[in-house]
Amino acid sequence: MLNQLYDKALSLVPLSVEEGEFLYDSAPIEELMFVASRLRQIHVPGKNAGWMIDRNVNITNICFSQCSFCNFCRKKGSEDSYVTTSEDYTKKIDEMYRIGGDQLLLQGGMNPDLDINFYVDLFKELKNRYPSLKLHALGPPEIVYLARKENSTFREVLSRLVDSGLDSLPGAGAEILSDRVRRIVSPAKATAEEWLDVMREAHKLNLPTSATMMYGHIETIRERIEHLVKLRNLQSEKPAGNHGFITFIPWPFQDEGTRLREEKGVKSSYSGPGYIRMVAISRIMLDNIKNIQASILTVGKDIGMLSLHAGANDVGSIMIEENVVSAAGASNRFNAKEMQEVIKEAGFVPGRRNQKYETFLPPARPPTPLKGG
Ligand code: SF4
């Protein structure tokens, strides 16, 4: 049975939820790694392993959603709540350019005081000041939230943001695409169907997107596999030639200090071998998503290196300043040199890339100098 499933996967025939669950539960890890590595070579041949430099800036930490796994969010009026100022963006972007990055990952909370005009103005201002800057910003829950607030469609919200400078949409807020799970860990956030609907619209607009999974809390193995199949089904709907999901990134729940752990007693089920298994199964199930990224910032160097032998072809960004995951206990840090050394030590060739997984080319001209601030 296992050999039949390996052959099926290697022939790029999609596996069913039941088949994926059987593989997850029953296959020896070295066999999963072998099959996933072969599939990686089919999708991304060669020894290149991707990495990038970008900077995570949080627009605001005020969020009405109050997900039980999140230590980052604050209620409106909290002493340490903030909305990032123009001066702060200037300082952070200038720092990023100095070390060679050109992309902001703009994330943050769903702040009831911020409407679509705030984001439109912010994106336009940043693009005017820094024409070569790339904005990988927001995520499906924010799009759902803004559409509700503006009484607009997802497509209208996405189009306005793209017209204002949005370059790509992160797959943030996917957690597990099961409403049973979401009702417990993030009840105020977009439903699974809404998350997928936003991505469907983004794919129609040819906006590059990524897909993610935060696992290891209250979900079942079957729900993880169903999550992968939902992503695969959506990817198969994207218009031919459009970007769709460029990559898939699984990361484990970081439980330190979260309400999910403190109040509900849910501890992260993360283990290194478990992550390797998750990466390999992702590569095997997602026959139509080219890139699989190991979240080296959450799992660390050793498991990150092994992931490259389990189907991953990328280790993500050095991510200057990361607050959401680190607020819940992740403490791995790499500079550009260390990131490349990790890849080499794993037996691969570091290939710096951009958000579209194309070879990184430095901006043709330096960023526009700022006036004031
Ligand atoms: S995970 Fe995101 S949506 Fe949930 S509370 Fe934190 S900032 Fe808000």
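Structure first, text after, so check above.
All values derive from a computational prediction rather than experimental measurement.

> So what exactly am I meant to see when it comes to helix 14 (residues 336–345) here?
Working note: α-helix, 3.6 residues per turn, so residues spaced by three or four point in the same direction. Those residues of helix 14 that sit buried are Met339, Val342 and Ile343. Down the axis of helix 14, the smallest arc covering the buried residues is 95°, so these residues share one side. Exposed residues lying more than 90 degrees from the buried face of helix 14 are Lys337, Lys344 and Glu345. Where helix 14 is buried, its residues contact strand 1 (48–52), helix 13 (296–307), strand 8 (314–317) and strand 9 (349–352). Between a side-chain oxygen at the N-terminus of helix 14 and the backbone nitrogen of Lys337 the separation is 3.1 Å; the capping residue is Asn335. Just downstream of helix 14, Gly347 is the residue with a positive phi angle, here 95°.

> Sorry, what's going on with the sheet that holds strand 9 here?
Note: strands within a sheet are paired through backbone hydrogen bonds, in either parallel or antiparallel orientation. Here we have three strands laid out as an open sheet, ordered 8-1-9, and parallel in their pairing. Only two strands of the sheet have a single partner each, and these edge strands are strand 8 and strand 9. Shown here is a sheet whose adjacent strand axes are inclined to one another by a mean of 25°, direction ignored. Across two bridges, the pairing between strand 1 and strand 8 is parallel. Residue pairing in the sheet places Met52 in a bridge with Ser317 of strand 8.

> Honestly, the packing of helix 5 (residues 116–129) against helix 7 (residues 154–164) in this entry has me stumped. Any pointers?
Two measures define how a pair of helices packs: the angle their axes make with one another and the distance between the axes. One can describe the packing of helix 5 onto helix 7 by two numbers: an axis separation of 8 Å at closest approach and a directional angle of 25°. Between helix 5 and helix 7, the interaxial angle falls into the category roughly parallel. For the element pair helix 5 and helix 7, the recorded crossing hand is right-handed. Touching Ile116, Asn117, Tyr119, Val120, Phe123, Lys124 and Lys127 of helix 5 are Val157, Arg160, Leu161 and Ser164, all from helix 7.

Reading the values: rules and limits
- Residues numbered from 1 in each chain as written.
- Predicted model: local features only at pLDDT ≥ 70, side-chain atom pairs only at ≥ 80, totals over all residues.
- Heavy atoms only, no water.
- Buried < 20%, exposed > 50% of the residue type's maximum accessible area, 1.4 Å probe, protein only.
- Helix = DSSP H or I, 4+ residues; strand = E, 2+ residues; numbered from the N terminus.
- Arc of directions from axis to C-beta.
- Contact = heavy atoms within 4.5 Å.
- Polar contact = N/O pair within 3.5 Å; in protein donor to acceptor, adjacent residues only side chain to side chain.
- Pairing = 2+ DSSP bridges.
- Axes fitted to C-alpha atoms, helices over the stretch in contact; angles between N-to-C directions.
- Parallel < 35°, antiparallel > 145°, perpendicular 65-115°, else oblique.
- Left-handed = near helix turned anticlockwise from the far one by under 90°.

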